[in-house]
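Descriptive analysis of the structure
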Amino acid sequence: YAAKTSKARFRRYAVELDDRADEEARLGAEMRAALDTGQFHLVYQPIVSLPDGEIRYVESLVRWTHPVRGFVSPAEFIPVAERNGLIVELGEWILRVACTQFMSWLETYGENAPSKISVNVSARQLAEPGFVPVVADALAASGMDPDCLIVEVTETAVFGGGVAVRAVEELHRLGVRIALDDFGTGHSSLTLLQTVPVDVLKVDKSFVDTITEAGRHAVIATALIQVSDGLGLTAVAEGVETAEQAAVLFELGYRYAQGYHFGRPVEEPAFRVAGVAAL
Ligand code: C2E
Ligand code: MG
Ligand code: MG
Ligand code: MG
């Protein structure tokens, strides 16, 4: 009897896996079509200074509006694009749109424009031999200054060293800034901060969530700002949702933050600050 149920359970499991593979293949094919028919667009979320909440720069985030499915989260489709390789083409498109948008804001807002723009880059993109030339070309084609671009990579993407780290080093030599995204959640190692040229530490939302309660996360958030300051990096606290969190972060020494409390990702953030200081 036990063998029978386990067999049935296995069959159910196999069917589930099959369904998942089908769904993944479907989503992959639909993304291909989406790229060709312009279903992707970018939104931009402000990174603000503390405590004043003024916009310093923006992070670009990709959005997919599927004609039938509607909104599909990047948390769902980016991993699929990484597995099927489409992230390379999608990523190049994202990079070019972000650079062009940045230059158009510079023209429209002048000194009120964001000082920089960041673009998320996945492990698969970094491993692609043509990646650095694509970045260089996106900058040249848009006329954008390389030090206005921040490339966000995860700890996990650069953890193994190798091609990914060399790409990051080359970008850095071009003048592009490097941010470690979701810091503290991946293959965290402080050694990374010695082996990879890092300019910005994005302290993950999970440390910010409970920062108003004295506990482990508050302790870690405190340690991370000390490491960041000590190494001369810029720390950005991610996922700040309340005024209380912002106040505690400021007290701990954080000077940059990002989160719904200050602004959600939108197509056109409200740039109105005069004389935006350099990051
Ligand atoms: P991420 O790079 O860490 O981006 C931050 C995510 O947190 C975004 O989700 C943003 O909308 C969300 N967020 C910001 N503030 C708050 C807050 O206060 N509360 C909460 N609950 N969430 C907040 P999004 O846009 O859904 O993106 C999810 C992830 O998908 C990104 O995490 C990034 O890893 C990936 N992704 C998004 N756009 C791109 C892209 O253009 N290229 C690549 N390669 N990955 C991308
Ligand atoms: Mg990011
Ligand atoms: Mg992040
Ligand atoms: Mg995050």
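What you see is a predicted model, and the numbers here were worked out from it, not measured in a lab.

The rules behind these values
Residues numbered from 1 in each chain as written. Chains lettered and ligands numbered in written order. Predicted model: local features only at pLDDT ≥ 70, side-chain atom pairs only at ≥ 80, totals over all residues. Heavy atoms only, no water. Salt bridge = Lys/Arg side-chain N within 4 Å of Asp/Glu carboxyl O. Helix = DSSP H or I, 4+ residues; strand = E, 2+ residues; numbered from the N terminus. Buried < 20%, exposed > 50% of the residue type's maximum accessible area, 1.4 Å probe, protein only. Pairing = 2+ DSSP bridges. Right-handed = clockwise from strand over helix to strand, strands pointing away. 1 Å grid on protein atoms, 1.4 Å probe; cavity = no way out; pocket = protein on both sides within 12 Å on 5 of 7 lines; lining within 4 Å. Points joined across faces, edges and corners; volume = space filled by probe spheres on them. Nonpolar A, V, L, I, M, F, W, Y, C, P; charged D, E, K, R; others polar. Donors = N, O, S within 2.8 Å, 3.2 Å for Na, K, Ca; no water. Axes fitted to C-alpha atoms, helices over the stretch in contact; angles between N-to-C directions. Parallel < 35°, antiparallel > 145°, perpendicular 65-115°, else oblique. Left-handed = near helix turned anticlockwise from the far one by under 90°. Contact = heavy atoms within 4.5 Å. Near = heavy atom within 4 Å. Polar contact = N/O pair within 3.5 Å; in protein donor to acceptor, adjacent residues only side chain to side chain. Areas by Shrake-Rupley, 256 points an atom, 1.4 Å probe, with all protein chains shown as cover. Sits in = over half its atoms within 2 Å of the grid points.

In this section: the pattern of salt bridges. In this structure the tally under the stated criterion is 13 salt bridges. The partner of E23 in a salt bridge is R26, with the nearest N and O atoms 3.2 Å apart. Here E23 and its partner R26 are both found in helix α1 (residues 2-37), 3 residues apart, which amounts to about one turn of the helix. According to the relative accessible area criterion, E23 is partly exposed, its value standing at 26%. Residues joined in a network through salt bridges with shared partners are E23, R26, E30 and R69.

Once that is clear, we can look at the pairing of strand β8 (residues 234-237). Burial of the side chains of β8 extends over both faces: T234 and V236 are buried on one face and A235 and A237 on the other. Across 4 bridges, the pairing between strand β7 (residues 200-203) and β8 is parallel. Counterpart to L201 in the pairing with β8 is A235. Sheet analysis places β8 next to strand β9 (residues 256-257), joined by 2 bridges and oriented parallel. When the sheet's bridge partners are listed, A237 is paired in β9 with A257. In this fold, the crossover linking β8 to β9 by way of helix α11 (residues 243-252) has right-handed handedness.

A volume near 1,100 Å³ is recorded for the largest pocket. Lining of the largest pocket is provided by 38 residues; of these, E59, L61, N120, D181 and D182 occupy positions nearest its centre. When the residues that make up the lining of the largest pocket are grouped by side-chain class, the tally is 16 nonpolar, 12 polar and 10 charged. Considered as a void within the structure, the second largest pocket measures approximately 160 Å³ in volume. Together, 13 residues line the second largest pocket, and P46, I55, F262, A270 and R272 are the ones closest to its centre. Residues of the lining of the second largest pocket, tallied by class, amount to 8 nonpolar, 2 polar and 3 charged.

In the first shell of the magnesium ion (ligand 3), the protein supplies D181 (OD), D182 (OD) and E238 (OE), at 1.8 to 2.5 Å from the metal. Of note, the magnesium ion (ligand 3) draws all its donor residues from one chain, in the sequence arrangement D-D-x55-E.

Time to look at the packing of helix α5 (residues 131-142) against helix α7 (residues 162-174). Following both chains from N to C, one finds α5 and α7 inclined at 25 degrees, their axes separated by 9 Å at the closest point. In terms of their interaxial angle, α5 and α7 are classed as roughly parallel. Helix-helix and strand crossings are classified by hand; for α5 and α7 the assignment is right-handed. In this structure, α5 contributes F131, V132, V135 and A136 to the contact, and α7 contributes A167, E170, L171 and L174.

Taken together, 21 residues sit near ligand 1, with R63, N120, D181, E241 and Y260 positioned nearest. A distance of 3.1 Å separates an oxygen atom of ligand 1 from a polar atom in the side chain of E59. When isolated, ligand 1 has an accessible area of 800 Å², and the protein chains bury 80% of it. Comparing atom positions with the cavity grids shows ligand 1 to sit within the largest pocket. If you list the elements that add at least two residues to the shell around ligand 1, you get β2 (55-66), α2 (74-84) and β6 (177-183). No other element matches the 4 residues that β2 contributes to the shell around ligand 1. Here the shell around ligand 1 is composed, by residue class, of 8 nonpolar, 6 polar and 7 charged.

Quick look at unusual backbone geometry now. Along the chain, L50 connects to P51 via a cis peptide bond; the corresponding omega equals 5 degrees. You can see P51 is positioned in the loop between β1 (40-49) and β2. Unusually for a residue other than glycine, D182 sits at a positive phi of about 50 degrees. By secondary structure assignment, the location of D182 is in strand β6.

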